[in-house]
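# Analysis of the macromolecular model
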Amino acid sequence: MEQEPAHAEVKPEVVLFRDLVRHVVEGRVRIPRFQRPFVWRRDQMIDLLDSIRRQYPIGSLLIWETDTPRNTLDWVGPVRISPPPSGAVSLVLDGQQRLSTLVGVLRKPVGHEEQRPSEDDPGRWKIFFNAKDNRFEHLKPDESVEAWHFPLGSLLNTVSFINESRRIMDSEHEDAELFVQNSEQMAQKFSSYLVPVIRIKNTELSQAIEIFARLNSKGQSMTADQMVSALSYGENLDGTTTFDLAEEIGELVDRLDDFGFRGVDRVVVLRCFLATLKTDIYRTDWTRLADATQKELRDKLPTVIGSTGEALERAVRFLHELGVRSHRLLPYAMQLVVLCAFFLECPAPTEEQRQFLKRWFWVSSFTARFSSSNPSRDGYLVAEFRDRVSRTANPTTLDYMRLDVPAEPFPSTFDMRSARARTLLLVLLSLAPRAANGEVIPEPWRRIADHGPNAIGYLLATVNDKELRSSPANRILRIDMAQRRSQAKNWLETLADVPDGIRSTVLKSHGISVEAFQSLLDGDGEEFLRLRRSYLIDLERQFMSNQGVILPRDLEPKPAAIDNDED
């Protein structure tokens, strides 16, 4: 008869913000190593601080109290924390990104204190309270600290606060006293802010995570990679790590950075591992697995890390051949999972297999195959590529995806969150965009990889026709990222003074007909956009035909689905 597990104690409480930060620095509250690394962007850090300024809730923290020694991080952000005390220790299961932000920003060392090794962006922890505009900000490289800038690292430290207040008063700015008062009010808001904490005691890690998953069933739950990382984490009796999935995923993402794919979601990498294990890639209820199944998962995961990593690299190299040189240009993340499954079993495909993969990629991109697909059907498709397509020398059909489905119409608006827009960008990049002198722009995709949507500028700022104004016809790859504030039209009009042959070549490399360009020179902006849109539609249809994609039934542009909010 199975023994009933001990009842876990779940205790909700409210903790003063300043006490929570102090407990982290003292080593009493710690980050376990199985947690994913700090991944928040600067804007997310600012938003969190602003929520506290406005006294908005920032969500509860989940803390697991255990007597069992666990391998934990020595650093939280840029702060080296004290060694763990003897006895029970509190481990953060959820809330690491928020807690790391607050500890790192408010307790950031100043002067010549020890610096954290391998810090990707040390400047992100240096945030100022703008006491003039009542907001938080990172200073740009060319900006200097003004009288109204109060460093948050000095906000809760009495001595540092006094020194910064003296600096502001010594500036003799006419509003210096107001700046100090505003900073004092901000310090009070942070000091008195209350954070809800849920403490879990008398339980093992797997049960603690299950409790968390159920508590968050209607809210923002632990991501799949976090949950599996925690459940599969292993340590020896001496505390050394035997397996750390979070670290393995992080190292693989770092490797993909060499191929322009560092921004691939960690959950996507996890799905590649699970596809290798022939396990449900969309599973969410990991804590409900039987103990034996969890143990099997823990035992098998370490054995597939290397082979899956190699398959992912082969998949990314193949995407490079198609012009997908950055994760920002990949229409669907699931395409990477499918390709990884294929290259896992077939590292050296035949020419017929490569052509089939190429056609499949473009069909799935143009037809929005993964925009609202069924997870079970996606899983079957992954398995089909891994188990059948990889073993078929000359594949022609699929059981779980039709290749004779018409493409989606030309998108009526340009939004890089749409897979349809990203697919159009790939078509435009295949034209090898040129500069005004007729020379091919080296690595034009890198602009998009580095700057995202900002690399695609507006041609005309003032257009009466709303549909034309938001159309992809009104967007073009920026030639000079340093001139982001100027209209792309200004660069385009300089082509009027370029010899006809070079001008025609440059225009076509950006998807602009000579006829459309003449309308622009004649001052008819809307006619220019109409002609360019028609030209782009024809251009894209020709591209589809060359790739074996069935043409759209509708020639009129239509709205495209938004597939992600990364950009």
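Numbering of residues starts from 1 in every chain and runs along the sequence as written. With the structure being a predicted model, the display of local features is reserved for residues of pLDDT at least 70 and the display and counting of side-chain atom pairs for 80 or more, all residues being used for whole-chain, interface and lining totals. Side-chain metrics in this entry use all non-hydrogen atoms of the structure; hydrogen atoms and water are not considered.

Now for the sheet that holds strand β8 (residues 135–137). Here, any two strands with at least 2 DSSP bridges between them count as paired. Put simply, DSSP H or I for four residues or longer makes a helix, DSSP E for two residues or longer makes a strand, and each gets a number counted from the N terminus. One open sheet holds the three strands; their spatial order is β8-β7-β9, and the pairing between them is antiparallel. The sheet is open, and its two edges are formed by β8 and β9 (149–151), each paired on a single side. Each adjacent strand pair in this sheet contributes to an overall mean axis angle of 35°, direction not counted. Pairing analysis gives three bridges linking strand β7 (residues 128–130) to β9, with the strands arranged antiparallel. In the strand pairing of β9, F129 is matched with F150. In what follows, a contact means two residues having at least one pair of non-hydrogen atoms within 4.5 Å. Throughout, an axis means a line fitted to C-alpha atoms (over the contacting stretch in the case of helices), and angles, computed between N-to-C directions, take values from 0 to 180 degrees. Across the sheet, helix α5 (residues 176–192) lies against β7, β8 and β9, angled at about 125° from β7, the strand it touches most.

This part covers the packing of helix α2 (residues 42–53) against helix α3 (residues 96–106). At a minimum axis separation of 10 Å, α2 and α3 run at an interaxial angle of 80°. By the criterion of interaxial angle, the relationship of α2 to α3 is roughly perpendicular. Contacts between α2 and α3 involve M45, L48, L49 and I52 on the former and, on the latter, R98, T101, L102 and V105. Here the residues of the contact of α2 with α3 are counted per class, giving six nonpolar, one polar and one charged. Each angle gets one of four labels, with under 35 degrees taken as roughly parallel, over 145 as roughly antiparallel, 65 to 115 as roughly perpendicular, and the rest as oblique. Any residue outside Ala, Val, Leu, Ile, Met, Phe, Trp, Tyr, Cys, Pro, Asp, Glu, Lys and Arg is labelled polar, Gly included; the first ten of those are nonpolar and the last four are charged.

What follows is about the packing of helix α12 (residues 351–366) against helix α14 (residues 419–429). α14 packs onto α12 with a crossing angle of 135° between their chain directions and a minimal axis gap of 9 Å. When the interaxial angle is binned, α12 and α14 end up oblique. Packed against α12, whose contacting residues are F361, W362, S365 and F366, the element α14 presents R420, T423, L426 and V427 at the interface. Class assignment of the residues belonging to the contact of α12 with α14 gives a composition of five nonpolar, two polar and one charged.

Here the focus is the sheet that holds strand β3 (residues 61–66). Backbone hydrogen bonds are what pair the strands of a sheet, in a parallel or an antiparallel way. The five strands are arranged β1-β10-β3-β6-β2 in an open sheet whose pairing can be described as mixed. Of all the strands in the sheet, just β1 (9–16) and β2 (29–30) have a single pairing partner and so form its edges. In terms of strand pairing, β3 meets strand β10 (residues 194–201) through four bridges, oriented parallel. In the sheet register, L62 faces β10, and the bridge partner there is I198. Across the face of the sheet, helix α1 (residues 17–25) comes into contact with β1, β2, β3 and β10 while running at roughly 110° to β1.

Phi is positive for E172, close to 60°, though the residue is something other than glycine. Considering the arrangement of structural elements, one finds E172 in the loop between α4 (158–170) and α5. The buried label applies to any residue whose accessible area, calculated with a 1.4 Å probe on protein chains only, is under 20% of its type's maximum; exposed applies above 50%, and partly exposed to all values in between. On the basis of relative accessible area, E172 is assigned to the exposed category, the value being 72%. The backbone phi angle of A432 is positive, close to 55°, even though this residue is not glycine. You can see A432 is positioned in the loop between α14 and α15 (445–451). Among the residues examined, A432 registers a relative accessible area of 30% and is labelled partly exposed.

A few words on the pairing of β3. Of all six residues in β3, six are buried, a share of seventy percent or more. Residues L61, I63 and E65 of β3 are buried on one face, and the alternating residues L62, W64 and T66, pointing to the opposite face, are buried as well. By the bridge criterion, five bridges tie β3 to strand β6 (residues 89–94) in an arrangement that is antiparallel. The residue bridging E65 from the neighbouring strand is S90, located in β6.

On to the pattern of salt bridges, then. The term salt bridge refers to a pairing of a side-chain nitrogen on Lys or Arg with a carboxyl oxygen on Asp or Glu at a separation within 4 Å. Counted according to the given criterion, the structure contains 34 salt bridges. Measuring nitrogen to oxygen at the nearest pair gives 2.8 Å for the salt bridge that ties R255 to E313. Separated by 58 residues along the polypeptide, R255 in helix α8 (residues 245–257) and E313 in helix α10 (residues 291–321) bring together distant segments of the chain. A salt bridge links E467 to R533, with the nearest nitrogen and oxygen atoms 3.4 Å apart. Linking E467 in helix α16 (residues 466–469) with R533 in helix α20 (residues 525–546), this pair joins segments that are 66 residues apart in sequence.

Turning to α2, a few remarks are in order. Here, expected helix span is obtained from the residue count minus one, scaled by 1.5 Å. The terminal C-alpha atoms of α2, which comprises 12 residues, lie 17 Å apart, in line with the 16 Å expected from a rise of 1.5 Å per residue. Tucked inside the fold, the buried residues of α2 contact α1, α3, β8 and α5. One or two positions beyond α2, positive phi appears at Q55, with a value near 65°.

A word on the state of the cysteines. Counting rule for disulfides: a pair of cysteine sulfur atoms within 2.5 Å. Summed over all chains, the structure comprises zero disulfides. Looking at the unpaired C272, the closest cysteine sulfur is the one in C340, lying at 3.9 Å. For C272, a relative accessible area of 1% gives the class buried. By relative accessible area, which is 1% here, C340 ends up buried.

Each Phe, Tyr or Trp ring, with Trp reduced to its six-membered ring, pairs with another whose centre is within 6.5 Å; inter-plane angles below 30 degrees give stacked pairs, above 60 give edge-to-face pairs, and intermediate values give tilted ones. Scanning all chains against the criterion turns up 17 aromatic pairs. Considering the side-chain rings of F129 and F136, the 5.6 Å spacing of their centres and the 50° angle between planes classify their relative orientation as tilted. Note on accessibility: F129 and F136 belong to one class, buried. Their ring planes at 45° and their centres at 4.9 Å tell us that F150 and F161 sit as a pair that is tilted.

Structurally, S364 is set in helix α12. Residue classification places S364 among the buried residues on the basis of a relative accessible area of 0%. What qualifies as a polar contact is a pair of N or O atoms within 3.5 Å, subject to a donor-acceptor requirement within protein and to the restriction that residues adjacent in sequence count only when both atoms come from side chains. A polar contact is formed between the side chain of S364 and the side chain of Q335, at a distance of 2.9 Å. Once you skip the residues sitting within four places of it in the chain, S364 turns out to touch Y332, Q335, R369, F370 and M401.

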